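Fold and contact review
This is what each chain is made of:
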Amino acid sequence: NSLSVGSSGAVMGLFGAKLSEVFCRACESKKTAQGRIGHEVRMEQLSGVLCSVLIVGLFSFIPYVDWAAHLGGLLGGQIVGMVIFSSTIKSLFWCLFWALYGLLGTGIGFSMAVMYLYTNVQPEEELRDVCGYYQQFFEDYECNCQLKDNWDGWHWNWSGNNYDANSASNSNSQD
């Protein structure tokens, strides 16, 4: 149960988006010379992307490499890529179908990720006090936080001023 950070999930997202582009453009006409050349180029791109996905997929099983980030990046890139590249499909039905698939997949995936983060991931206790955390590592760190310990008495208004509910005085007033 840990969070990981790295760029390989984002790279897999790019591969997923490229797979979506090749998928959406695969049905283009091959009747003309330009269409045949375009089809051959897309098939070469497909083989290159599949080879890259396979290599990164094999590296996913090395210790300390996050296979879930690789898989999530690939699926996320593919779904978002469908939203982006479905407009190249000539048939209106399939264009709308794959765009809707991409939009729904993106919405569902994003909501599931946010729900997971809010329900299953707890920040470490030492990170709750950000100023104290930084003061552990930097002796000359001066905390300039504007946050109050008790948020119940503070309200935000749209003019940008914080008002204390107990004293009803403007905390940002200038004398």
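The sections below set out a description of the structure shown in this document. All residue numbers refer to positions counted from 1 along the written sequence of the respective chain. The predicted nature of this model means local features are confined to residues of pLDDT at least 70 and side-chain atom pairs, given and counted, to a pLDDT of 80 or more, with totals for whole chains, interfaces and linings taken over all residues. Only hydrogens and water are set aside when side-chain values are computed; all heavy atoms of the structure are taken into account.

Time to look at the overall build of the protein chain. Secondary structure elements are taken from DSSP: a helix is a run of H or I of four residues or more, a strand is a run of E of two residues or more, and numbering for both begins at the N terminus. A count of helices and strands for the protein chain gives five helices and two strands. When the helices and strands of the protein chain are placed in sequence order, the string is α-α-α-α-α-β-β. Relative accessibility thresholds used throughout: buried, under 20% of the residue-type maximum; exposed, over 50%; partly exposed, between the two (1.4 Å probe, protein chains only). Looking at the 175 residues of the protein chain, the share that counts as buried comes to 20%. For the protein chain, the share of sequence-separated contacts (at least 6 apart) that also reach a separation of at least 24 residues comes to 44%. Accessible surface for the protein chain amounts to roughly 13,700 Å². Of this, 63% is attributable to carbon and sulfur atoms. For this analysis, residues touch if any pair of their heavy atoms sits within 4.5 Å. Methods summary: accessible areas were calculated by the Shrake-Rupley approach with a probe of 1.4 Å, and residue burial reflects only the protein chains presented.

Take the pattern of salt bridges next. The term salt bridge refers to a side-chain nitrogen of Lys or Arg lying within 4 Å of a carboxyl oxygen of Asp or Glu. Scanning the model with the defined rule gives two salt bridges in all. In the salt-bridge network here, residues are joined through shared partners; they are K18, E21 and R25.

Moving on, we get to unusual backbone geometry. Not every positive phi belongs to a glycine, and Y64 is a case in point at roughly 70°. Within the secondary structure layout, Y64 lies in the loop between α2 (33-59) and α3 (67-85). For Y64, a relative accessible area of 88% translates into the label exposed.

Planes of paired rings set the category: under 30 degrees apart is stacked, over 60 is edge-to-face and the rest tilted, where pairs are Phe, Tyr or Trp rings (Trp by its six-membered ring) whose centres lie within 6.5 Å. Tallying each qualifying case throughout the model produces eight aromatic pairs. Both rings, one in W98 and one in Y101, keep their centres 5.3 Å apart while their planes meet at 85°; by these two values the pair is edge-to-face. Within this pair, W98 and its partner Y101 are both found in helix α4 (residues 92-120), separated by three residues, close to a single helical turn. When its relative accessible area of 34% is taken as the criterion, Y101 is described as partly exposed. An aromatic cluster is defined as three or more aromatic residues linked by ring pairs; in this entry it consists of F23, F93, W94, F97, W98 and Y101.

Where helix α1 (residues 8-25) contacts α3, the two axes come as close as 6 Å, and the packing angle between them is 40°. When the axes of α1 and α3 are compared, the pair comes out oblique. Between α1 and α3 lies a crossing of right-handed hand. Here α1 contributes S8, G9, M12, G13, F15, G16, A17, L19, S20, E21, F23 and C24 to the contact with α3, which in turn contributes A69, H70, G73, L74, G77, Q78, G81, M82 and F85. Under the convention adopted here, Pro, Cys and the residues Ala, Val, Leu, Ile, Met, Phe, Trp and Tyr are nonpolar, Asp, Glu, Lys and Arg are charged, and Gly plus all remaining residues are polar. Per-class residue counts for the contact of α1 with α3 are ten nonpolar, ten polar and one charged. Note on geometry: axes are lines fitted to C-alpha atoms, helical ones only across the stretch in contact, with angles between N-to-C directions running from 0 to 180 degrees. Each angle receives one of four descriptions, namely roughly parallel if under 35 degrees, roughly antiparallel if over 145, roughly perpendicular if within 65 to 115, and oblique otherwise. It is the rotation of the near helix from the far one that decides the hand of a crossing: anticlockwise by less than a right angle makes it left-handed, clockwise makes it right-handed.

Turning next to the side chain of S86. Tracing the chain through its elements places S86 in the loop between α3 and α4. Judged by relative accessible area, S86 falls into the buried class, the value being 2%. Side-chain polar atoms of S86 contact the backbone oxygen of M82, separated by 3.0 Å. Nitrogen and oxygen atoms within 3.5 Å of one another constitute a polar contact, given that in protein one can donate a hydrogen and the other can accept it, and given that sequence-neighbouring residues count only through two side-chain atoms. Here V83 takes part through its backbone oxygen, which lies 3.5 Å from a polar atom of the side chain of S86. For S86, the residues in contact, after removing those within four places along its chain, are C24, G81, C95, W98 and A99.

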